[in-house]
Amino acid sequence: MKLTGAQILMRALKEEGVDTIFGYPGGAVLDIYDELARTEMRHILVRHEQGAVHAADGYARAAGKIGVCLVTSGPGATNTVTGIASAYMDSIPIVIITGQVPTKLIGNDAFQEVDIVGITRPCTKHNYLVKNIEDLAKTIKEAFYIAGSGRPGPVLIDIPKDIVNELAEYISPKKVRLRSYNPTYNPNIKQLNKVVKLLKKAKKPVIFAGGGIILSKAHEELTEFARKTLIPVTASLMGLGGFPASDPLWLGMVGMHGTYRSNMAIGECDLLIAVGVRFDDRVAGRTDTFASNAEIVHIDIDPTSIQKNISVSVPVVGDCKITLNHLNNLIKNEDFGDISQKRKKWFDKINEWMNTMPLSYTQTDIIKPQYVVDKLYELTKGKAIITTEVGQNQMWAAQYYHFDEPNHFITSGGLGCMGFGLPAAIGAQVACPNKIVVDIAGDGSIQMNSQELATAVQYNLPINIVILNNQYLGMVRQWQELFYDKRYSSTGMEHAPDFVKLAEAYGAVGLRASKPEDVERVLSEGLSSKKTVIMEFVVEREESVYPMVPAGASITEMLLV
Amino acid sequence: MTIEKHVLSILVDNKPGVLSRIVGLFSGRGYNIESLAVAETMDPLVSRITLVTKADAPVIEQIEKQLNKLINVIKVNDFTGAEYVQREMVLIKVTAKSEHRAEILRMVDIFRCKVVDVGIEHYIIETTGDQSKIDAILKLLKPIGIKEIVKTGIIALLRDQYTKK
């Protein structure tokens, strides 16, 4: 039986196990939406296409599967670009389906025509323009395979309007085989033997975990490896939750706003085992002094990540989970001697760093933003899924909320995309209806996608939006304070909506705390509400995030409180 | 770190937009392209791109890895250090007033080029060769007056599959 393009699309999505789509209709996708309404597919109608992509991103991270969004041609498509770029930088598997003008109009500057395949070429893992109905089913299959395999990433499929209406038999391959795309999952064992040798020799080793641990679901393997070898663990922003923060081996985050002990430990270690990381400049700082006393082992599935920013002694191309599994097997029968005795001096040093400079703040009669995150952690017992916006709110969330499990911290790490947290929280709550989901936001970034409050309310999503309101674009202000002689150029945000009224206007619950003694009450009330809630905290205006490594400095050269 | 010239031979899917992915990768990441030649291979589903770039060792490593990461790239071969044949074709429109005609034709003869078009005041000369031959003939023709040239970009092929480093 012949199916229309729209029917083929819906069937192919179903075969990929898709049950939820985040999207926004329009002219070029009318027929797809018409077909969608006849299926079981759940559609979440966002209020801006950027929100659809961030929501699919949040969904993908919370659920550990591929997120899907559907938008129309032209502006619908261009509005997805920021979301796609964010997902690309963080290697999040999503499939974006965009409508396109009919094939015969392509290139004619037709109404709502844009070359979205051209625009997104550098920010997708791959993209397609489907020009023949016969290719549609196969293309969707390929797109999902590419998005989810190897180093994951966003894949875009552009479907012209006429293709959606044409008829064809549904023919889709059972398995995708691409001669030009074969990710390396299995590591070279010779390289792993070198790692074992280094492990035996090392006196001051550190493990540095990244987003790759979470993407490959390698948290258990990593934990086993660290505990067996008794090596302290630090992580990038993307790696938080990849190793339990309650474990005594946990050092905290590394990098520009990493903990003092993490950064010092990287500076002084003699062996750095980096797993699923890419040595982003916000982590590495000045590259020639980064872990300069260490032999560096770098495990990553993407060969381009290796030797890109930091030159390493033992490169290992492979999937984090498979590789750590191999390593765990290799070391099972190795004799490391009395390892706790051997590490004693190293742990003493680390403890000394921790005691000299722990993460800290002093709560005065004005609410400290860190205090809010602290209390939030306490009240949710560390079990909430936390999404963030970008800036100070993101860093305080990373520093003061401690993650024991993967897929619980959802943030725009690489692109640093303000406006990410609210739609990502929507996606996460859709994926995990029984979890507490909290978007830790700033007053600046929440305004970038606050229209998605309507989406949250429409679908009865009880997400919690915690706004740390300092009436500044806080992180930029902080840089201006520290590096631009306090010239606060365009960072004051005194004119914001009344967030309580804003929440109420959307049909959500609005709460506000202006004094420290109100913090706990507002949080408890908000968290226990079954509705979408905004909790606004009027915080210390000029609080800064510390420690801080100035851009381009060594990570051991931190500005401290 | 020394910057060296590399001849990359890249086999890619013969599909629309693939060249744009390659060129976009180079411009987006700040790599340079000295020359570029593209055409279908014996297999109509595959095209060969011969690309000449200049880079130091870590950058050329990244270039090759980044190329390999593109979904449509089948194989990247860096010919540097291997034995390969390299050719480029140039069409040269040279001013050919009567007093210079004989001299130009002598050069055409010596360099085994061909005159492919004759005008009242010009010749178009077709020449094929490696970089040094082309540089030499251009240098000799320049004083006579070169009006315009067009180059195909370098194409190259390994002499023997097994001689590669």
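Residues numbered from 1 in each chain as written. Chains lettered and ligands numbered in written order. Predicted model: local features only at pLDDT ≥ 70, side-chain atom pairs only at ≥ 80, totals over all residues. Heavy atoms only, no water.

**Q** Quick question: what am I supposed to make of the pattern of salt bridges here?
**A** All names here are of chain A. Tallying each qualifying case throughout the model produces 33 salt bridges over all chains. The partner of lysine 321 in a salt bridge is glutamate 221, and the shortest N-O contact between them spans 3.2 Å. Of the two residues, lysine 321 is situated in helix 14 (residues 320-332) and glutamate 221 in helix 11 (residues 219-229); the sequence distance between them amounts to 100 residues. For glutamate 221, a relative accessible area of 9% translates into the label buried. Each of Asp34, Glu35 and Arg38 takes part in a single network of salt bridges with overlapping partners. (Salt bridge = Lys/Arg side-chain N within 4 Å of Asp/Glu carboxyl O. Helix = DSSP H or I, 4+ residues; strand = E, 2+ residues; numbered from the N terminus. Buried < 20%, exposed > 50% of the residue type's maximum accessible area, 1.4 Å probe, protein only.)

**Q** Before we go on, may I ask you to explain the interface of chain B and chain A in this structure?
**A** Put simply, an interface is often sized by how much accessible area is lost when its parts join up. Tallying the contact residues gives 17 residues for chain B and 16 residues for chain A. Put simply, chain B and chain A have 2 salt bridges between them. Here chain B and chain A share 8 residue pairs in polar contact (both at pLDDT 80 or more) between them. For the side of chain B that touches chain A, the secondary-structure elements that each account for two or more residues are helix 1 (18-28), helix 2 (57-69) and strand 4 (73-78) of chain B. Here the side of chain B that touches chain A gets 5 residues from one element, more than from any other, and that element is helix 2 of chain B. For the side of chain B that touches chain A, a count of residues per class yields 6 nonpolar, 5 polar and 6 charged. (Contact = heavy atoms within 4.5 Å. Polar contact = N/O pair within 3.5 Å; in protein donor to acceptor, adjacent residues only side chain to side chain. Nonpolar A, V, L, I, M, F, W, Y, C, P; charged D, E, K, R; others polar.)

**Q** Whenever I open this one, the confidence of the model for chain B confuses me. Can you help?
**A** Any region with low pLDDT has predicted coordinates that should not be read closely. Averaged over all residues, the pLDDT of chain B equals 94, while 97% of them reach at least 70. Here the complex is predicted with pTM 0.96, and the ipTM for its interfaces comes to 0.92. (pLDDT = per-residue confidence, 0-100.)

**Q** Quick question: what am I supposed to make of the nonpolar core here?
**A** Note on soluble globular proteins: their nonpolar side chains tend to be buried together. Residue and element names in this part refer to chain A. Counting residues in each nonpolar core, the largest one holds 67 residues, and the members touching the most others are Leu199, Ile207, Leu240, Ile273, Val297, Ile386 and Phe537. Residues within four places of valine 297 in sequence aside, it is in contact with Val195, Leu198, Leu271, Leu272, Ile273, Ala274, Val314 and Val316. Ranked by size, the runner-up nonpolar core spans 48 residues in total, among them Val117, Leu156, Tyr459 and Ala503. (Core = buried A, V, L, I, M, F, W, Y, C linked by side-chain atoms within 4.5 Å.)

**Q** How do you make sense of the pairing of strand 6 (residues 126-129) of chain A when you look at a structure like this?
**A** Residue and element names in this part refer to chain A. In this structure, strand 6 lies alongside strand 7 (residues 155-160), joined through 4 bridges in parallel fashion. Within the sheet, the bridge partner assigned to leucine 129 lies in strand 7 and is aspartate 158. Considered for its hand, the β-α-β crossover made up of strand 6, helix 7 (residues 133-148) and strand 7 is right-handed. (Pairing = 2+ DSSP bridges. Right-handed = clockwise from strand over helix to strand, strands pointing away.)

**Q** What's the story with the sheet that holds strand 3 (residues 46-55) of chain B in this structure? I'm lost.
**A** Whenever strands of a sheet pair, they do so through backbone hydrogen bonds, lying parallel or antiparallel. All names here are of chain B. Here we have 4 strands laid out as an open sheet, ordered 2-3-1-4, and antiparallel in their pairing. Two strands bound the open sheet, and with one partner strand each, they are strand 2 (35-40) and strand 4. Sheet twist, expressed as the average angle between the axes of neighbouring strands with direction ignored, equals 15°. Of the pairings in the sheet, the one linking strand 1 (residues 4-13) to strand 4 comprises 5 bridges and is antiparallel in character. (Axes fitted to C-alpha atoms, helices over the stretch in contact; angles between N-to-C directions.)

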